[in-house]
Amino acid sequence: MGRKSKAELAIQAELVDARNSPLLTAQNNLTPALQDVVSEIDNLFGDIQIANMTAFWRVGRLITEVRDDPARYLTNEQQTAHVDGASLLMSIFAPVYTIDQLRGAVNFFEKYPSEGEITRLLAMRCPDRPRWRLTTSHVQLLSQVPDDSQRAVLEEKCAEEAYTARALATELQEIRGKQKNSGRTHQSPKGLKQQIYDLLQHQRRFIARSESLWLSENKDNIYDDVVNSPAVKLDETVRGYWAEVVENFQKLSDLVSDHEAMCAKVKRELDKRENEEDEEEEAPKQRSKARSDITR
């Protein structure tokens, strides 16, 4: 039998403590009225977790918008001095919240840029401990993992084993230790599911940022800002960036066409396979019917 990781030992210790708790014994003998109270408190805790995680994500989104759109949020003097909008915003809240917390919110938004991702995280459950939920402490730790596939594996492990934030932190420490000792970046095995998920994540990020930052219909977007900017702001550097943006979109257009062609090819192959499977299922029925006719 292999040695248990520190994270597994931490989980085991917490489960033992929970099983020995007098509260657990009491829960097996509750009146209907008290069961209603337990259910209500459970729902309230769930509402708190949803509100906390959603708010944390929105803070990250707002700081990112300010960072990425200085023309909208900073004065001309601040832009000339190359003031970082995100740093300025963080300094305003620094007396109340730590810089690490605010940077954690930004990191959270960058790793999970769509609201659909938040819904998915909030819906994750442990089969053996249905009251377990992912919290903002979990997502702050998960957001530190740069590799999408490795992060997805850790998400599933958290849910399957009802990791506390402390156990997840221990798991990440072990992973970092292995990376340091091996001299190379630790990579989770990438099966078909993870490869498709990686592609989906990149799509989601680009779509989410396009809708919220670059092509927003609810506020001036980057294209409006370029058109409406005074000539003095459109210096050589800005024009160089813009020329590269245009060139890259031309490349992206070609790549998207290639992706669409490959998706169409995959669809044809899957449809063909499905039809063949249907024919194979139908063949025994036809043979059975033929034998039945002969015996009449």
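Along every chain, residues carry numbers that run from 1 in the direction the sequence is written. Owing to the predicted nature of the model, reporting of local features is limited to residues with pLDDT of at least 70; listing and counting of side-chain atom pairs is limited to 80 or more, with chain, interface and lining totals taken over all residues. Note that water and hydrogens are dropped before the side-chain values are worked out from all heavy atoms of the structure.

### Structural notes on the overall build of the chain
The following threshold applies: Only DSSP runs of H or I covering at least 4 residues are called helices, and only runs of E covering at least 2 are called strands; the numbering of each starts at the N terminus. Whether a residue is buried, partly exposed or exposed follows from its accessible area with a 1.4 Å probe, protein chains only, as a fraction of its type maximum: under 20%, in between, or over 50%, in that order. To measure how exposed things are, a 1.4 Å probe is used in the Shrake-Rupley method; for residues, cover is taken only from the protein chains shown.
Each helix and strand counted, the chain has 14 helices and zero strands in total. Classification of the 296 residues of the chain by burial places 27% in the buried group. Accessible surface computed for the chain: about 20,600 Å², of which carbon and sulfur atoms make up 55%.

### As for the environment of S91
Tracing the backbone shows S91 in helix α6 (residues 85–93). We classify S91 as partly exposed; its relative accessible area is 40%. Taking the C-alpha atoms as reference points, S91 and L102, 11 residues apart in sequence, are found 9.8 Å from one another.

### Re the packing of aromatic side chains
Aromatic ring pairs are described here by two measures, namely the spacing of the ring centres and the angle between the planes. The condition is simple: Each Phe, Tyr or Trp ring (for Trp, its six-membered ring) is paired with any other whose centre lies within 6.5 Å, and the angle between the two planes then decides the class: stacked below 30 degrees, edge-to-face above 60, tilted in between. Two limits define a charge over a ring: the Lys NZ or Arg CZ must be within 6 Å of the ring centre, and within 35 degrees of the ring normal.
This structure, assessed with the given rule, holds five aromatic pairs. The interplanar angle of 75° and the centroid separation of 5.7 Å between the aromatic rings of Y223 and W242 together place this pair among those described as edge-to-face. Note that Y223 is positioned in helix α13 (residues 222–228) and W242 in helix α14 (residues 236–294), a separation of 19 residues in sequence. In this structure W242 comes out as partly exposed when scored by relative accessible area, which is 31%. Taken together, F56, F108 and Y112 form an aromatic cluster joined through their ring pairs. Over the ring of Y112 we find R151, and its NZ or CZ is 5.5 Å from the ring centre.

### Side note on a nonpolar patch on the surface
The following threshold applies: By definition, no residue in a patch forms a salt bridge, and every one has over 30% relative accessible area; like charges are joined within 9 Å, nonpolar side chains (Val, Leu, Ile, Met, Phe, Trp, Tyr) within 5 Å. For this document, the term salt bridge refers to a Lys or Arg side-chain nitrogen within 4 Å of an Asp or Glu carboxyl oxygen.
Where nonpolar side chains cluster on the molecular surface, the patch consists of F206, I222, W242, V245, V246, F249, L252 and L255 and spans about 630 Å² of accessible area. Counting residues per element, the nonpolar patch draws most heavily on α14, at six residues.

### What about the nonpolar core?
As a reminder, the rule being used: Residues enter a nonpolar core if they are buried and are Ala, Val, Leu, Ile, Met, Phe, Trp, Tyr or Cys, with the set joined through side-chain atoms within 4.5 Å.
Grouped together as the largest cluster of nonpolar side chains are 27 residues, with contacts concentrated most on M53, F108, I118, L121, W132, L134 and L168. Sorting the residues of this core by element identifies α3 (32–68), α7 (99–111), α8 (115–123), α9 (136–142), α10 (148–161) and α11 (165–182) as the ones contributing at least two each. I63, A86, L102 and V106 belong to the second largest nonpolar core, which has five residues in total.

### As for α3
Quick reminder of the rule: A helix is expected to reach a length of 1.5 Å times the quantity of its residues less one.
The first and last C-alpha atoms of α3 sit 54 Å apart over 37 residues, in line with the 54 Å expected at 1.5 Å per residue. Of the residues making up α3, those classed as buried are G46, M53, T54, F56, W57, G60, I63, T64, E65 and V66.

### A closer look at the packing of α3 against helix α12 (residues 192–214)
Packed helices, taken two at a time, are described by their axes: the angle between them and the distance between them. The following threshold applies: Axes, fitted as lines to C-alpha atoms, cover a helix only where it is in contact. Angles between the N-to-C directions of the axes lie from 0 to 180 degrees. Angle categories: roughly parallel below 35 degrees, roughly antiparallel above 145, roughly perpendicular from 65 to 115, and oblique for all the rest. For any pair of crossing helices, the crossing counts as left-handed if the nearer helix is rotated counterclockwise from the farther one by less than a right angle, and right-handed if it is rotated clockwise. Two residues qualify as a contact provided that any one of their heavy atoms is within 4.5 Å of a heavy atom in the partner residue.
It is the contact of α3 with α12, at a shortest axis distance of 11 Å, that shows an interaxial angle of 65°. In terms of orientation, α3 lies roughly perpendicular with respect to α12. By crossing handedness, the relation of α3 to α12 is classed as right-handed. Along its contact with α3, which presents T64, E65, R67 and D68, the element α12 presents R209, S212 and L213.

### Structural notes on α12
The first and last C-alpha atoms of α12 sit 32 Å apart over 23 residues, in line with the 33 Å expected at 1.5 Å per residue. Taken residue by residue, α12 has Q194, Y197, D198, Q201, R205, A208, R209, S210, S212 and L213 as its buried positions. Structurally, α12 contributes buried residues whose contacts are with α3, α7, α8, α10 and α13.

### Observations concerning a negative patch on the surface
Spelled out, the test is: By the counting rule applied here, Lys and Arg register as positive and Asp and Glu as negative, while His and the ends of each chain are not counted. In this description, the location of a charge corresponds to atom NZ of lysine, CZ of arginine, CG of aspartate or CD of glutamate.
Taken together, the side chains of E269, E274, E276, E277, D278, E279, E280, E281 and E282 make up a negatively charged region of the molecular surface. Looking at the element boundaries, D278 is found in helix α14.

### With respect to the pattern of salt bridges
Close approach of charged atoms allows side chains with opposite charge to pair. Overall, the coordinates contain 10 salt bridges when judged by the stated rule. Put simply, D68 and R67 hold a salt bridge, and the shortest N to O gap is 2.9 Å. For D68, a relative accessible area of 36% corresponds to the partly exposed category. Through salt bridges with shared partners, one network takes in E117, R120, E155 and R204.

### Notes on the confidence of the model for the chain
Stated precisely, the cut-off is as follows: A residue's pLDDT is the confidence the predictor assigns to it, expressed on a 0 to 100 scale.
Residues at a pLDDT of 70 or more form 82% of the chain, whose mean pLDDT is 81. Across residues 1–25 the pLDDT falls below 50, and counting only partners more than four positions away or on other chains, this stretch makes 23 contacts in the model.

### Considering the side chain of R151
If you trace the backbone, R151 turns up in helix α10. Exposure remark for R151: the relative accessible area of 1% places this residue in the buried category. Non-local contacts of R151, meaning those with residues more than four positions away in its chain, are made with K111, Y112, L142, V145, P146, Q201 and R205.

### Quick word on unusual backbone geometry
Glycine aside, negative phi is the norm for most residues, and most peptide bonds take the trans geometry. Positive phi values are uncommon outside glycine, yet H82 reaches one of about 60°. With respect to the secondary-structure elements, H82 resides in the loop between α5 (76–80) and α6. For H82, a relative accessible area of 70% puts it in the exposed group. Even without being glycine, A162 reaches a positive phi, approximately 55°. Here A162 falls in the buried class, since its relative accessible area comes to 1%.

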